[in-house]
Structure formats: structure tokens, C-alpha cells
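Overview (structure and organization)
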Amino acid sequence: MVSDRSDVAEYMFGDAEVVKTLVHNASSRKGALAATDAWIDTLAVDGVRSANNAPHIGLWTVRDEASDNQFVGIRGVFVASGLPHNTVATFVAVARSYWGKGVSSDSSRILCGHVFETSDADAIYTRVWPKLNPASDAVQRRLGFVPAERHTLQDTFGKARMQEVLDFDLWRASNLQGDGFDETLRQVSIRIGQLAAEDLLSFEVAVNRITEALPDVLAQVEDIRTQVANDVRLGFQNPAWASYLMSRDNWFASRIV
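Bear in mind that the values here come from a model prediction, so they are computed numbers and not experimental data.

Quick notes on the sheet that holds strand β1 (residues 58-64)
Across the sheet, six strands lie side by side as β1-β2-β3-β4-β6-β5; this open sheet has mixed pairing. Because the sheet does not close on itself, it has two edges, and the strands there are β1 and β5 (146-148). Direction aside, the axes of adjacent strands within the sheet are offset by 35° on average. Direction of pairing for strand β4 (residues 123-128) relative to strand β6 (residues 242-247): antiparallel, over a ladder of six bridges. Looking at the pairing, V128 lines up with A242 of β6.

Next comes the structure, spelled out in C-alpha cells:
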């Protein structure tokens, strides 16, 4: 509901570690609120543009009843460009304090059941950043989703949203600290390499933009440019957007004991 806006903004789009696998520039409070409003306006049950949504389309909060209904995350189901007719896409974002507790898996099962039982949708798609989030890959396969035809970022979001990802990741690079920076830099470099693979910028420019964004103390680290270039290349060779598919037939077949 619209009244969930503050929780979604704080725990989802206001946390760079959560946003890093989405497609938004939430590097500022203004950006976090804009991303929050974009989803709530179109998918919340009382959103300003959601009145004509079918029952299986929407945005749901996940809450922890054992902890006074603490906000856990959000699940969305929507009609996405670039996907086959009569299919939907889903996404999940989980608050950092609930990572590793099975929220994505459990909520996916509930959501698949809801979609297939309240609609005639042929399939549900979910999409992840390849080489960036292997845990998400594993979750999809464990649930019975199967690899599907890749959908490009360009086809799915357009260049404006791709630019948002670039700006967000360069911001992440510019805010790296001296300790424990390697993993975040790896993620930034892979994602920007995937943007380069779709011609938002060239490989060489991608490496330059990242290294130029680094704080001075990190820019002087030995072989840092080589590290960045290797991870950009990994993203370049494995373009986004990896797609997984759950068909209606497979879902109901998996429910038969």
C-alpha cells in the first residue's frame, strides 16, 4: 500500500547493498524516493496508476509476524516489455538484515501459486545479473525455474535506465573505503562491463570511468586498473540480463506428489 512507502524507501531503495542488483540510481535520497514512487504508483493496491491492474499484478510487502510485523522485503509482479505475450515478470528485494533466511525462495513459491491460480498467465519470468549474484541463480534453479532466452538491458529498460545503473555504480566506486573494497569494486566493474557489452560505452571507456571515480587512496593501489579491467571483461563477456522461466505446466506438475 502507499502507506508502506517509508519502509520501502528506507530498507529497499535507500540501501545501496539492496539496490545493487536492481536497475535504479538510488545514490541520493531523491533517487531512492523516485524509485520507490515509480513502483508504488503503478503496482501498490492503492497506487495512483494501479486501478486497472489485474489481480495477479501488484507489489507485495513481506513482513515478519514473529517480530512485530517488521518489514522484510517486497515482491513485484508486472507485465514487462520484451517478454512473450501473456507472461509476467517478477522481482524480489530483501532487507539486508533478512538475507540468507530463505525469504526469496519462500516468497517465490507463494507468488508463483498466486499468479497461476488467479490468472491464465502462461509463464513467469525472473531475471538476474549474470556473474554478479550467483546465489540468485541457485535460488531460481532450486525452485524449478529454467534458463530462458536472454533479454537485453536495452530491450527491457532502455538506455535511460542503463545510464542510471552506470551513474549509480560510479557513485559506489567513488565511495569505496580502504578496507574491504574488493567485492564492491568487483560488482561495479562487472555491471559496467555488461553495460559496455550493450554499447552504452566502450570497454576502454568503462575501465577509465571506474578508475577515475575511485578515491585517490584506492586509485594508487598496485594493479588496481588490471583488477578493474579483468572484471569489466568478465561482465563484457557475459552480458545482462539472464532470464529464468517457470511455465504454468511445470509449476502444476511440480505440485503433484
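Points about the packing of helix α4 (residues 103-118) against helix α5 (residues 134-143)
In contact at an axis separation of 10 Å, α4 and α5 are set at 40° when each is read in the N-to-C sense. In terms of axis orientation, α4 runs oblique to α5. In the packing of α4 onto α5, the handedness of the crossing is right-handed. Two secondary-structure elements touch here, α4 through S104, S105, S108 and R109 and α5 through V139, R142 and L143. Of the residues that constitute the contact of α4 with α5, the class distribution is two nonpolar, three polar and two charged.

Concerning the packing of aromatic side chains
Across all of its chains, the model carries 10 aromatic pairs by this definition. Relative to F71, the ring of Y11 has its centre 5.7 Å away and its plane inclined at 20°; by these criteria the two rings are stacked. Residue Y11 is found in helix α1 (residues 5-13), and its partner F71 is found in strand β2 (residues 70-78); the two are separated by 60 residues along the sequence. Judged by relative accessible area, which is 1%, F71 ranks as buried.

Notes on the packing of helix α7 (residues 159-174) against helix α9 (residues 203-213)
Running from amino to carboxyl end, α7 crosses α9 at an angle of 40°, the nearest separation of the two axes being 7 Å. Compared by their axis directions, α7 and α9 come out oblique. When α7 is examined against α9, the residues L166, L170, A173 and S174 are found in contact with a partner set consisting of R209, I210 and A213. Split into classes, the residues belonging to the contact of α7 with α9 amount to five nonpolar, one polar and one charged.

Some remarks on the pattern of salt bridges
Evaluated as defined, the whole model comprises 12 salt bridges. In this structure, the salt-bridge partner of E17 is K20, at a minimum N-O distance of 2.9 Å. Note on E17: relative accessible area 22%, which makes it partly exposed. When its relative accessible area of 12% is taken as the criterion, K20 is described as buried.

What about helix α8 (residues 182-197)?
For α8, built from 16 residues, the straight-helix expectation of 22 Å at 1.5 Å per residue is met to within 8% by its first-to-last C-alpha distance of 22 Å. Within the sequence span of α8, burial applies to T184, L185, Q187, V188, S189, I190, R191, I192, G193, Q194, L195 and A196. Buried residues in α8 make contact with α2 (16-19), α6 (153-157), α7, α9 and α11 (224-237). Directly beyond the C-terminal end of α8, a positive phi value near 70° is found at D199.

Structural notes on the nonpolar core
Counting residues in each nonpolar core, the largest one holds 44 residues, and the members touching the most others are M12, F13 and I74. Among the elements that make up this core, the one with the highest residue count is helix α3 (residues 29-43) (five residues). Setting aside anything within four residues of it in sequence, one finds I74 in contact with V8, M12, F13, L59, W60, T61, F91, V92 and A93. V23, M162, A229 and V232 belong to the second largest nonpolar core, which has 29 residues in total.

Definitions and cut-offs
- Residues numbered from 1 in each chain as written.
- Predicted model: local features only at pLDDT ≥ 70, side-chain atom pairs only at ≥ 80, totals over all residues.
- Heavy atoms only, no water.
- Pairing = 2+ DSSP bridges.
- Helix = DSSP H or I, 4+ residues; strand = E, 2+ residues; numbered from the N terminus.
- Axes fitted to C-alpha atoms, helices over the stretch in contact; angles between N-to-C directions.
- Parallel < 35°, antiparallel > 145°, perpendicular 65-115°, else oblique.
- Left-handed = near helix turned anticlockwise from the far one by under 90°.
- Contact = heavy atoms within 4.5 Å.
- Nonpolar A, V, L, I, M, F, W, Y, C, P; charged D, E, K, R; others polar.
- Phe/Tyr/Trp six-rings, centres within 6.5 Å; stacked < 30°, edge-to-face > 60°.
- Buried < 20%, exposed > 50% of the residue type's maximum accessible area, 1.4 Å probe, protein only.
- Salt bridge = Lys/Arg side-chain N within 4 Å of Asp/Glu carboxyl O.
- Expected span 1.5 Å × (residues − 1).
- Core = buried A, V, L, I, M, F, W, Y, C linked by side-chain atoms within 4.5 Å.

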